[in-house]
Amino acid sequence: MTVSKMTWRPQYRSSKFRHVFGKAATKENCYDGVPITRSVHDNHFCAVNPRFIAVITECAGGGAFLVLSVHHTGKVDPLHPKVSGHRGNVLDIKWNPFNDFCIASCSEDSTVKVWDIPPHGVLKNLTVPWKELQGHSRRVGLIEWHPTANNVLFSTGYDYQVMIWNLDSPEAVIKNPVRTISHHTDVVLSMSFNTDGSRLATSCKDKKIRVLEPRTGNLLQEANCKNHKASKVLFLGNLKMLLSTGSSRWNHRQMALWDQEDLDVPLLQEDLDGSSGVLFPFYDPDTHMLYIAGKGDGNIRYYEISSEKPYMHFLTEYRSHTPQKGMGIMPKRGLDVSSCEVFRFYKLVTIKALIEPLSMIVPRRSESYQDDIYPMTAASEAAMSAEEWLSGIDKGPVLQSLKPGSRVPDSYPELSSGLGSKGLGNSLGSRRSQSRPGQLQLAYIQDQLGNKECRSKTSVSNGQDPTLCSPPKTENELRLKFHKQQEEIRRLREMLNQRDVRIKQLELEINNVRNSQDSH
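Predicted model, so just to flag it, every value in this text is computed and none were measured.

What counts, and at which threshold
Residues numbered from 1 in each chain as written. Predicted model: local features only at pLDDT ≥ 70, side-chain atom pairs only at ≥ 80, totals over all residues. Heavy atoms only, no water. Pairing = 2+ DSSP bridges. Helix = DSSP H or I, 4+ residues; strand = E, 2+ residues; numbered from the N terminus. Axes fitted to C-alpha atoms, helices over the stretch in contact; angles between N-to-C directions. Core = buried A, V, L, I, M, F, W, Y, C linked by side-chain atoms within 4.5 Å. Buried < 20%, exposed > 50% of the residue type's maximum accessible area, 1.4 Å probe, protein only. Contact = heavy atoms within 4.5 Å. Salt bridge = Lys/Arg side-chain N within 4 Å of Asp/Glu carboxyl O. pLDDT = per-residue confidence, 0-100.

**Q** Outline the sheet that holds strand 25 (residues 279–284), supporting the account with residue identities and numerical values.
**A** Spatial strand order, 25-26-27-28: four strands in an open sheet with antiparallel pairing. The strands lining the two open edges of the sheet, one partner per strand, are strand 25 and strand 28 (312–318). Between one strand axis and the next, the sheet turns by 25° as a mean value, whatever way the strands run. Of the strand pairs in this sheet, strand 25 and strand 26 (residues 289–294) are connected by six bridges, and their pairing is antiparallel. Looking across to strand 26, one finds that leucine 279 is bridged to glycine 294.

Given below as structure tokens:
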């Protein structure tokens, strides 16, 4: 009698991100005492760029949000000035991807407002926006910037309309969007663009996922899956796939993967757990990593996505005892490449009035720049103007290297040649933000040094025009000026360190050339 044995062969998948781990910031590197909003909307409530962090706050009589320097960690002054121009609660905020000093907000007062943040932060309450967009008849719940066209903003509200706005319009109050998309029969729950902005995916309260052509508003695909009630939808970069998170027929939290060209049947469905909080998906197209964070959860699951079956590979999860109400994400150009950081969250912890940075790190022994985990990524330069996009042109994003000292080619000269202070502000803002925090472009630093040499030696300007350097009147202003001065000193030190490293590299190259010549 022969006994058959079942052979088991484990299949190992090689991956650079197999051991990615989450590292929470220490208490002194968190933002403490922030009055985070108590709104029940399923939005992120937080927006981050390499210069500022913005968070929607709880306030009486209208809506407001807080804008802090990313380096202004520790205890936040309860009287810190706010951006407070809305008459109703603020529901969503998003930074302009091509201007680190421009942020859009939408509110229950049925308006969208676009704000110019002063270069050194909000030193007094900001109530007058740069642009006000009036078109929705009910409260506005979501806004999204176009990923490659400059100054194109999308908004959607409880009137079920998706509106497209051209902010290059000269009016301060814009009442007519360039296009209105009216395919939805209920509230739009999320919006997501593909890489070049030629497709817009939406999830809706009517349980349907739609893929639209954003410029014309044409409906390209529609999914009506009875087994999956989607709440959030996300384009997965250039993989031509969509990911949706929601709930199953039995109210289990669920993920579904879709082919963007065929939404009849999902490629993959996976139940996660029986909790009730909304699942926020975040995708990094550079590493093909997907992060799933549940509202009210303390953990974040992460996966690696591939274009072939089984499509999704679970890596591990970050666990924490502090539940998150919302999440902000730092753009890739703001990450710390010296510590192999590939993603950074900003967790809103309402019960502690705390914003906690959380870095996702690839463990590497070498301290040198790791080319294999930092491919070319989206830069802070727009690929085209709003007029070009509206005329029918689609362009992929301008790419940059995250390697310290690298420069981004000016592929969009229209930004810098724009007339008026607004055009100059856009150009300067995007130029300032091309590197990660703590590093500025060499040309910009040289400009700053040149400007300082021309100033009076007795004026302490901290990088500002001397006419703007009035003495601080309050303890809060004094603290802000101190932080700015420390930041300036730190940046100049890093610039000097970079020059020292470059000098050593050149000396080694010279020695190598001499040795090779001597050997010949």
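**Q** Which residues make up the nonpolar core, and what values go with them?
**A** Of all hydrophobic cores here, the largest spans 33 residues; its most connected members are Tyr31, Ile53, Phe65, Val67 and Ile117. When contributions to this core are tallied by element, the ones reaching two or more residues are strand 3 (46–48), strand 4 (52–57), strand 5 (63–69), strand 8 (90–95) and strand 30 (341–349). The biggest single contributor to this core is strand 4, with five residues. If sequence neighbours within four positions are ignored, valine 67 has contacts with Phe52, Ile53, Ala54, His80, Val83, Trp95, Ile117 and Val122. With 25 residues, the next largest nonpolar core counts Phe280, Met327, Val337 and Ile373 among its residues.

**Q** Report on the pairing of strand 8, specifying residues and quantitative values.
**A** The two faces of a sheet get side chains in turn, since along a regular strand they alternate between them. Taking burial as the measure, the six residues of strand 8 include six buried ones, the bulk of the element. By the bridge criterion, five bridges tie strand 8 to strand 9 (residues 102–107) in an arrangement that is antiparallel. Paired with isoleucine 93 across the strands is serine 105, a residue of strand 9. Linking strand 8 back to strand 9 in an antiparallel pair, the connection comprises six residues.

**Q** Any chance you could break down the pattern of salt bridges for me, citing the residues and the numbers?
**A** All told, the structure shown has 22 salt bridges when counted by the stated rule. Between lysine 27 and aspartate 32 there is a salt bridge; the shortest N-O distance is 4.0 Å. On the basis of relative accessibility, which here comes to 18%, the residue aspartate 32 falls in the buried class. Via salt bridges that share partners, Asp206, Lys208, Arg210 and Glu222 belong to a single interconnected network.

**Q** Mind laying out the sheet that holds strand 22 (residues 241–248), listing which residues take part and the relevant values?
**A** Here we have four strands laid out as an open sheet, ordered 21-22-23-24, and antiparallel in their pairing. Of all strands in the sheet, those with a lone pairing partner are strand 21 (228–235) and strand 24 (268–273), marking the two edges. In this sheet, neighbouring strand axes are inclined to one another by 25° on average, regardless of whether the strands run parallel or antiparallel. Examined bridge by bridge, strand 23 (residues 253–259) and strand 24 share five bridges and lie antiparallel to one another. Looking at strand 24, one finds that methionine 255 is bridged to glutamate 270.

**Q** Lay out unusual backbone geometry with the relevant residues and their values.
**A** A cis amide bond links lysine 309 with the next residue in sequence, proline 310, at an omega value of 5°. Counting through the fold element by element, proline 310 comes out in the loop between strand 27 (300–305) and strand 28. In this structure, lysine 207 takes a positive phi of about 70° despite not being glycine. Examined against the element boundaries, lysine 207 turns out to sit in the loop between strand 18 (200–204) and strand 19 (209–213). For lysine 207, a relative accessible area of 45% corresponds to the partly exposed category. Despite not being glycine, alanine 353 shows a phi value in the positive range, around 50°. Along the chain, alanine 353 turns up in the loop between strand 30 and strand 31 (354–361).

**Q** Can you explain the confidence of the model for the chain? Please cite residues and give values.
**A** Per-residue pLDDT for the chain has a mean of 84; in total, 84% of the residues score no lower than 70. Of the regions scoring below 50 in pLDDT, residues 1–10 engages in zero contacts with residues more than four places distant in sequence or in other chains. In the model, residues 410–469 has pLDDT below 50 throughout and makes 106 contacts with residues more than four positions away in sequence or in other chains.

**Q** Quick rundown of the pairing of strand 30? Include the residues and the values.
**A** Counting buried positions over the nine residues of strand 30 gives nine, a clear majority of the element. Relative to strand 30, strand 29 (residues 326–329) runs antiparallel, the two sharing four bridges. Looking across to strand 30, one finds that isoleucine 329 is bridged to phenylalanine 345. With eight bridges connecting them, strand 30 and strand 31 associate as antiparallel partners. Bridge assignment links arginine 344 to a residue of strand 31, and that residue is serine 359.

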